[in-house]
Amino acid sequence: IAYVLSGLPESIVAAACARVGQRVLHVDSRNYYGGNWASFSFSGLLSWIKENQQKTDASDESEEWRKLILENEEAISLSKKDRTIQHVEDFCFGDQDSAEDVEEAGALPKLPVFGASGAEGVAQESEKECPPVESVLLEVESQEPGTAAGTEPASAVEGNDAETTSEKESSQSTAFGESTLESGKTEAAPSEISAQEPKKITYSQIVREGRRFNIDLVSKLLYSRGLLIDLLIKSNVSRYAEFKNATRILAFREGNVEQVPCSRADVFNSKQLTMVEKRMLMKFLTFCLDYEEHPDEYQDYEHGTFAQFLSTRKLTPSLQHFILHSIAMVSETESSTLEGLQATKKFLQCLGRYGNTPFLFPLYGQGEIPQCFCRLCAVFGGIYCLRHSVQCLVVDKESGRCKAIVDHFGQRISANYFIVEDSYLSESTCTNVCYRQISRAVLITDQSVLNTDSEQQVSILTVPPVDPGKPAVCVIELCSSTMTCMKGTYLVHLTCPSMKTAREDLEPVVQKLFNLNTEQENETEELEKPRVLWAVYFNMRDSSGVEKNSYNGLPANVYVCSGPDSALGNDCAVKQAETIFREMFPTEDFCPAAPNPEDIIYDEDEIEPEESELSNSAETKPESSTEESSSGGSTVVKKEDNEE
């Protein structure tokens, strides 16, 4: 099975196939894992921005590979240019240093060489500045603590072990084996220091501390009872990652940011709601948990919007706002009553599993999740090649099936199944495809949008549409204990479906929540807002709704995976991965649990040097290779044992 690109759906399918004994080759023309699901250090993100702003064309490459195509074959060329990212704009606000300072910082050993030119320079930068791929072991649900995870499978990243270790030791993180919910307890000292001596963060500090940042290209959270969490637990991949509970749900109403009570305890302890409102809210939420059993209460409004249905439920305007934008998180004008009820029920069912909110966030960023599944695939024999582009798919004219790929070295690689990410398909293959777009913004700020006694908050905020007809904006604010930003800063992600360019869509919301002024002003309102230190805007292609038959001339054994969608969760990627796996191997179990190395038992005869008979069963062989990998046979798990 050959895979092109290492995004989340492809990584899940690769892990599932390797786990059931299939031979997997996973190639990616990029020099980092994850594609548009990746996470970058700050300097790595600067390299990514520069690369996408330049958009060099690779059309002048040699086409010697066409000589490898036989008479009874035809080639489906793959795209050499990534067209999924557009309108990339980055800005530095506040205490801005000169461009010379950035270049000087880039000359340091830990930072990329911004003076490098061409693809070679980008590769050099990425080798040093790919996001740290190690994840730490955490049991997501009632599992014994494991050991620390190792490096990425077949990784091209070298020399980062000592730096990453010192980074993690100096950063505030969850101790090995601690519960996810206890991960925010060790933050008193920094908050006391910052309270005594508030310091301004400069751009040069951000560049120097670039490795403290793990900045996601796509901003998502994990529902605690969602498909991805269930898959992480079922497959035992949860041992490779560590999570932090989202601590609060926020709402933006009448120009102010407020905290939304979610759980029963939050509702009754809330000072924002009157006693009557508390009873109203609890009554409605109780109804939503089993709304299917009371169809007479909503069937008259099935064809209306959820907002219209809420207006009939004797709820105050503030409660309607909280439910619509912060609990159901659905569109005010487009989402039907059933969609709103389903979303509210899902939110409520996820409460209490790991904390007072329904969401978890992976430490070191969303980009850790694809790498966790890549690691599982590599443990069971998968081969990974970064910076390895594919020229074309080779199709047999008689059978109409794809039989091989040709890589940039001119090698033909045969396989039975091929999984390709949508961004690799050429324009001629996608002439009938209509794509949506996602508007994204990433901000580095100096304080939270809602300051409380604790600085270590992971917050989610939905900002209602600024103008009628525009989409709501999802805002996720991450603190330094998520290992995504340096101390004294916050990382803020903004996401919405695109109407125009990302900056046009999101800048009005940024101006409402943050202070963009580079000069000090006496306006109290502006000074109270968090100050934006740095920002980037970009549009990302959303190919999640495209059906396979929309692509021209793809063989039946070629499967297309989409990039990230605009939804908050990861259900679309998991469903897509399972669907592809079921089509290829309908009788196999999808991502069965991987055995722990300490649970593997060998017969005494197997370890005798005299016994060389090849009589091992099919199940013993992958388990043996797993044990060998964990004891030093694989780069992936070797470091795990060393750290332990």
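Reading the values: rules and limits
- Residues numbered from 1 in each chain as written.
- Predicted model: local features only at pLDDT ≥ 70, side-chain atom pairs only at ≥ 80, totals over all residues.
- Heavy atoms only, no water.
- Pairing = 2+ DSSP bridges.
- Helix = DSSP H or I, 4+ residues; strand = E, 2+ residues; numbered from the N terminus.
- Axes fitted to C-alpha atoms, helices over the stretch in contact; angles between N-to-C directions.
- Expected span 1.5 Å × (residues − 1).
- Buried < 20%, exposed > 50% of the residue type's maximum accessible area, 1.4 Å probe, protein only.
- Parallel < 35°, antiparallel > 145°, perpendicular 65-115°, else oblique.
- Contact = heavy atoms within 4.5 Å.
- Nonpolar A, V, L, I, M, F, W, Y, C, P; charged D, E, K, R; others polar.
- Disulfide = S-S within 2.5 Å.
- Left-handed = near helix turned anticlockwise from the far one by under 90°.
- Phe/Tyr/Trp six-rings, centres within 6.5 Å; stacked < 30°, edge-to-face > 60°.
- Core = buried A, V, L, I, M, F, W, Y, C linked by side-chain atoms within 4.5 Å.
- Domains from an automatic or database assignment.
- Salt bridge = Lys/Arg side-chain N within 4 Å of Asp/Glu carboxyl O.

K.L.:
Honestly, the sheet that holds strand E18 (residues 459-463) in this entry has me stumped. Any pointers?
P.N.:
Strand pairing in a sheet relies on backbone hydrogen bonds. The paired strands run either parallel or antiparallel. Reading across the sheet, the eight strands line up as E5-E21-E17-E20-E19-E18-E9-E10 and stay open at both edges, with mixed pairing between neighbours. Of all strands in the sheet, those bounded by a partner on one side alone are strand E5 (85-92) and strand E10 (256-259). Taken over all neighbouring pairs, the strand axes of this sheet differ in orientation by 20° on average, direction set aside. Looking at chain direction, strand E19 (residues 473-478) and strand E20 (residues 490-497) are connected through five bridges and run antiparallel. Note that in E20 the partner of Leu478 across the bridge is Leu491.

K.L.:
I tried to follow helix H15 (residues 502-513) on my own but got confused; where do I start?
P.N.:
Each α-helix winds once per 3.6 residues, and so residues spaced three or four apart point in a common direction. Relative to the 16 Å expected for 12 residues at 1.5 Å per residue, H15 spans 17 Å between its end C-alpha atoms, a close match to the ideal helical length. Within H15, burial applies to Ala502, Asp505, Leu506, Glu507, Val509, Val510 and Leu513.

K.L.:
Where do I start with the packing of helix H10 (residues 275-289) against helix H13 (residues 337-350) in this structure?
P.N.:
The packing of two helices is summarised by the inter-axis angle and the distance between the axes. Axis separation between H10 and H13 bottoms out at 8 Å; the angle between their running directions is 100°. In terms of orientation, H10 and H13 fall into the roughly perpendicular class. Contact residues: H10 offers Leu285, Phe287, Cys288 and Leu289, while H13 offers Leu341, Thr344, Lys345, Leu348 and Gln349. Residues belonging to the contact of H10 with H13 are distributed by class as follows: six nonpolar, two polar and one charged.

K.L.:
Mind showing me how you'd approach the state of the cysteines here?
P.N.:
Disulfides are covalent bonds that connect the sulfur atoms of two cysteines. Applying the stated criterion across every chain yields a total of zero disulfides. Sulfur of Cys374: no disulfide; nearest cysteine sulfur belongs to Cys377 and is 7.0 Å away. A relative accessible area of 1% means that Cys374 is categorised as buried.

K.L.:
Help me out: how do you make sense of the sheet that holds strand E11 (residues 359-362) in this one?
P.N.:
Pairing within the open sheet is antiparallel, and its three strands lie in the order E7-E11-E8. Edge positions in the sheet fall to strand E7 (222-223) and strand E8 (243-245), since each has one partner strand and no second. Across three bridges, E8 lies against E11 in antiparallel orientation. Paired with Asn245 across the strands is Leu360, a residue of E11.

K.L.:
Is there a simple way to think about the packing of helix H1 (residues 8-19) against helix H17 (residues 571-584) in this case?
P.N.:
For the pair H1 and H17, interaxial distance at closest approach is 8 Å and the crossing angle is 40°. Taken together, H1 and H17 sit at an angle that is classed as oblique. Like other packed secondary-structure pairs, H1 and H17 cross with a definite hand, here right-handed. Residues Leu8, Pro9, Ile12, Val13, Ala16 and Cys17 of H1 touch H17, and the partners they reach there are Ala573, Val574, Gln576, Ala577, Ile580, Phe581 and Met584. Looking at the contact of H1 with H17 residue by residue, the classes come out as 12 nonpolar, one polar and no charged.

K.L.:
Sorry, what's going on with the pairing of E10 here?
P.N.:
Side-chain direction in a regular strand flips from residue to residue, so the side chains alternate between the two faces of the sheet. As judged from the four bridges shared by strand E9 (residues 248-253) and E10, these two strands associate in the antiparallel manner. Bridge pairing in E10 links Arg253 to Asn256. A loop of two residues connects E9 with E10, the two strands running antiparallel in sequence, and Glu254 in this loop sits at a positive phi of about 55°.

K.L.:
Help me understand the packing of aromatic side chains, please; the structure alone is not making it clear to me.
P.N.:
Pairs of aromatic rings are described using the distance from one ring centre to the other and the angle between the two planes. Inspection of every chain in the model, using the stated rule, returns 20 aromatic pairs. Aromatic side chains Tyr32 and Phe40 sit 4.8 Å apart centroid to centroid with 75° between the ring planes, which places their arrangement in the edge-to-face category. Overall, the relative accessible area of 4% leaves Phe40 in the buried class. With centroids separated by 6.2 Å and ring planes inclined at 75°, the aromatic side chains of Phe347 and Phe359 adopt a geometry described as edge-to-face. One end of the pair, Phe347, is in helix H13; the other, Phe359, is in strand E11, with 12 residues separating them in the sequence. The two residues Phe347 and Phe359 agree in class, both being buried. In textbook terms, an aromatic cluster arises when at least three aromatic residues are bridged by ring pairs, as seen for Phe284, Phe287, Tyr301, Phe306 and Phe309.

K.L.:
Sorry if this is basic, but what is going on with the nonpolar core here?
P.N.:
The tendency in soluble globular proteins is for nonpolar side chains to be buried as a group. Ranked by size, the top nonpolar core spans 73 residues in total, and within it Phe42, Trp48, Phe284, Phe306, Phe359 and Trp534 carry the most contacts. When residues in this core are grouped by element, the largest group, six residues, is from H10. For this core, the domains that each give at least three residues are domain 1 (2-84 + 364-434 + 544-584) and domain 2 (263-350). For Phe306, the residues in contact, after removing those within four places along its chain, are Phe284, Ile323, Leu324, Ala328, Val330, Ser335, Ser336, Thr337, Gly340, Leu341 and Thr344. In terms of nonpolar packing, the next biggest core, distinct from the first, is built from 49 residues, Leu228, Leu360, Phe380 and Tyr384 among them.

K.L.:
Before we go on, may I ask you to explain the pairing of strand E13 (residues 390-396) in this structure?
P.N.:
Along E13, seven of the seven residues are buried, which leaves the element largely enclosed by surrounding structure. In terms of strand pairing, strand E4 (residues 73-77) meets E13 through five bridges, oriented antiparallel. Within E13, the residue paired with Ile76 across the bridge is Leu393. Pairing of E13 with strand E14 (residues 402-407), which is carried by five bridges, proceeds in the antiparallel orientation. Note that in E14 the partner of Val395 across the bridge is Cys402. The antiparallel pairing of E13 with E14 creates a hairpin that spans five residues between the two strands, and Gly400 there sits at a positive phi of about 75°.

K.L.:
Hey, could you run me through the pattern of salt bridges in this one?
P.N.:
When the charged atoms of two side chains with opposite charge come close together, those side chains can pair. For the structure on display, the rule yields 22 salt bridges. Glu292 serves as the salt-bridge partner of Lys345, at 2.9 Å between the closest nitrogen and oxygen. With Lys345 in helix H13 and Glu292 in the loop between H10 and helix H11 (306-311), this pair connects stretches of sequence that are 53 residues apart. Salt-bridge contacts for Glu578 lead to Arg582; the nearest nitrogen and oxygen are separated by 3.0 Å. With a gap of four residues between them, Glu578 and Arg582 both fall in helix H17, about one helical turn apart. A relative accessible area of 32% means that Arg582 is categorised as partly exposed. It is possible to trace a salt-bridge network through shared partners that takes in Glu73, Asp396, Lys403 and Arg412.

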